[in-house]
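# Architecture at a glance
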Amino acid sequence: MGKKAIEDHVVEEYGYLADIIESHKGKPLEMTHLMNSAIANVIVSILLGKRFEYEDSTFKRLVSLMNENMRLFGSPSMSLYNMFPILGPFLKDKKSFLENLKEVNDFIKVTFTKYLQVLDKNDQRSFIDAFLVKQQEENGKANKFFDDENLTEVVRNLFTAGMDTTATTLRWGLLLMMKYPEIQKKVQEEIDEVIGTNPPRSEHRTKMPYTDAVIHEIQRFANILPLNLPHETTMDVTIKGYFIPKGTYIIPLLNSVLQDKTQWEKPCSFYPEHFLNSEGKFVKKDAFMPFSAGRRICAGETLAKMELFLFFTSLLQRFTFQPPPGVSPSDLDLSAPTRFVIAPVTHEVCAVSRS
Ligand code: HEM
């Protein structure tokens, strides 16, 4: 599936999301379910070739299993298990994690078995179709890669990695816009000037340096994966005089760059000017690494950036986000509870229609 086709899915999905938000008529709304569903649908439409209604029971169940497993993954008992695997049989969280995993895997297996029955090599409509075609081409070869187990794992990994991260970043974005209404207003002015009432598309981004800077700063400030993913050295290495033997477990902390005092003027504040020069032009920063770096950099970086830009601009084009009545921007809490994916504290938003 090409970039344009994927962008069309995002555009279709932000329309559904905005319509549902509109139906709440500016009343206080907790966005986690809606945002997760919209972002899950983008990845699901790539993987399965179709989207789900947000209240579809199977879809709700899948999204909740993924979320629950993200939560369990970062729980203290799972850290304990990683340090002392012998404790595994005594840990309830580990059991729940594996049961959830099995339920998602079973759903994926049932789905691709159905897809296989109607597979048409000349009409591949999803990632699963493309994988199954490769699997058939591989038939008879000694070393098989496109097997059922790999299909299950890759579909589940893409679903998990692609949903919580992007949806959480967007929820941070809306919270920050409520906290800093003057920044929200400047983004909306740029949207009105560059996009007007047209549907936002990726090509608008280069003409919107302020919005681009705000989205980068949301990612830097939110710092949603401060622990990154663990890595292991594949050979002996020496870095800045420190010897690290082959096979060492490494946690490459992303907040060491995203909040580096030598790289950012105000590392602990939300300050879009970090990404703007004195003429208001967008500037790239080497220390901007929310997707990590190197060979194992996030596989979904391009998709995530597209989603963040399109969802963020389409929402701010249609709505102004305000705290619920009785809550002022200064009351909004930007602290972040400790989890594997750092989400904002539970809060409600009022999406007031701009039309
Ligand atoms: C704002 C959104 C996102 C952020 C901040 C993010 C961040 C990251 C980070 C930090 C890693 C670890 C890289 C490393 O090991 O050094 C990662 C890995 C990964 N991400 Fe993302 N991600 C996002 C969205 C997505 C999306 C939308 C997808 C796909 C649909 C995706 C798929 C993956 C995959 C498959 C990996 C594992 C790559 C590998 O091990 O080779 N991510 N991501």
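Rules used in this analysis
Residues numbered from 1 in each chain as written. Predicted model: local features only at pLDDT ≥ 70, side-chain atom pairs only at ≥ 80, totals over all residues. Heavy atoms only, no water. UniProt positions renumbered as here; feature names shortened; annotations may be inferred. Near = heavy atom within 4 Å. Polar contact = N/O pair within 3.5 Å; in protein donor to acceptor, adjacent residues only side chain to side chain. Helix = DSSP H or I, 4+ residues; strand = E, 2+ residues; numbered from the N terminus. Nonpolar A, V, L, I, M, F, W, Y, C, P; charged D, E, K, R; others polar. Donors = N, O, S within 2.8 Å, 3.2 Å for Na, K, Ca; no water. Buried < 20%, exposed > 50% of the residue type's maximum accessible area, 1.4 Å probe, protein only. Lys, Arg positive; Asp, Glu negative; His and termini not counted. Salt bridge = Lys/Arg side-chain N within 4 Å of Asp/Glu carboxyl O. Contact = heavy atoms within 4.5 Å. pLDDT = per-residue confidence, 0-100. Phe/Tyr/Trp six-rings, centres within 6.5 Å; stacked < 30°, edge-to-face > 60°. Lys NZ or Arg CZ within 6 Å of the ring centre and 35° of its normal.

What UniProt records for the protein under Cofactor (unreviewed entry) is the sentence "heme". Quoted verbatim from the Subcellular location (unreviewed entry) field of the UniProt record, the comment on the protein reads "Membrane".

## Comments concerning the site of the ligand
As a matter of local geometry, the ligand sits amid 24 residues, with I43, H231, S292, R296 and C298 nearest to it. With respect to the ligand, the side chain of S292 contributes an N or O atom lying 2.6 Å from an oxygen atom. In this structure, R296 approaches the ligand through a side-chain N or O atom, which is 2.7 Å from an oxygen atom. Those elements that provide at least two residues to the shell around the ligand are α7 (148-179) and α11 (301-318). For the shell around the ligand, the leading source of residues is α7, giving 6 residues. A breakdown of the residues in the shell around the ligand according to their chemical character gives 13 nonpolar, 9 polar and 2 charged.

## Things to note about the coordination of the iron atom of the ligand
Angles between donor atoms at a metal ideally measure 109.5 degrees for a four-coordinate tetrahedral arrangement and either 90 or 180 degrees for a six-coordinate octahedral one. Protein coordination of the iron atom of the ligand rests on one atom only, C298 (SG), at 2.3 Å. Examined against the element boundaries, C298 turns out to sit in the loop between α10 (255-258) and α11.

## Thoughts on the side chain of D129
Turning to its location among the elements, D129 is positioned in helix α6 (residues 127-138). Buried and unpaired, D129 has R125 as its nearest opposite-charge partner, separated by 4.5 Å. At 2.9 Å, the side chain of D129 and the backbone nitrogen of R125 are in polar contact. Ignoring sequence-local partners within four residues, the contact set of D129 consists of Y115, L119, D123 and Q124.

## As for the pattern of salt bridges
Per the stated rule, a full pass over the model turns up 20 salt bridges. D212 is the partner of R205 in a salt bridge, and the nearest nitrogen-oxygen pair spans 2.8 Å. Judged on exposure class, the residue R205 and its partner D212 are both buried. With its nearest N and O atoms 3.0 Å apart, the salt bridge here joins K305 to E301. Of this pair, K305 and E301 both sit in helix α11, 4 residues apart, roughly one helical turn. A single salt-bridge network, built from bridges that share partners, covers K4, E7, D8 and R201.

## Here we look at the confidence of the model for the protein
Here the protein averages 94 in pLDDT, while 100% of its residues score no lower than 70. Listed scores for the predicted complex are pTM 0.95 and ipTM 0.98.

## Some points on the side chain of E7
In this structure, E7 sits in helix α1 (residues 3-23). Given a relative accessible area of 8%, E7 falls into the buried group. There is a polar contact of 2.9 Å between the side chain of E7 and the side chain of R201. A polar contact is formed between the side chain of E7 and the backbone nitrogen of S202, at a distance of 2.9 Å. Those residues in contact with E7 that lie beyond four places of it in its chain are R201, S202, M306 and L310.

## Section: the environment of S75
With respect to the helices, strands and loops of the structure, S75 is situated in the loop between α3 (57-73) and α4 (76-83). According to the relative accessible area criterion, S75 is buried, its value standing at 6%. Taking C-alpha positions, S75 is 9.0 Å from T338, a pair spaced 263 residues apart along the chain.

## Some details on the packing of aromatic side chains
Scanning all chains against the criterion turns up 14 aromatic pairs. Taken together, a centroid distance of 5.3 Å and an interplanar angle of 90° make the contact between F145 and F146 edge-to-face. Seen in terms of ring centroids, W172 and F221 are 6.4 Å apart; in terms of plane orientation they differ by 80°. Their pairing is edge-to-face. You can see W172 sitting in helix α7 and its partner F221 sitting in helix α9 (residues 209-222), a full 49 residues away along the chain. Residue classification places W172 among the buried positions, given a relative accessible area of 1%. Using a relative accessible area of 16% as the deciding quantity, one classes F221 as buried. An aromatic cluster is built from F127, F131, F145 and F146, whose rings are joined through pairwise contacts. Lying over the aromatic face of Y16, R51 brings its terminal NZ or CZ to 3.6 Å of the ring centre.

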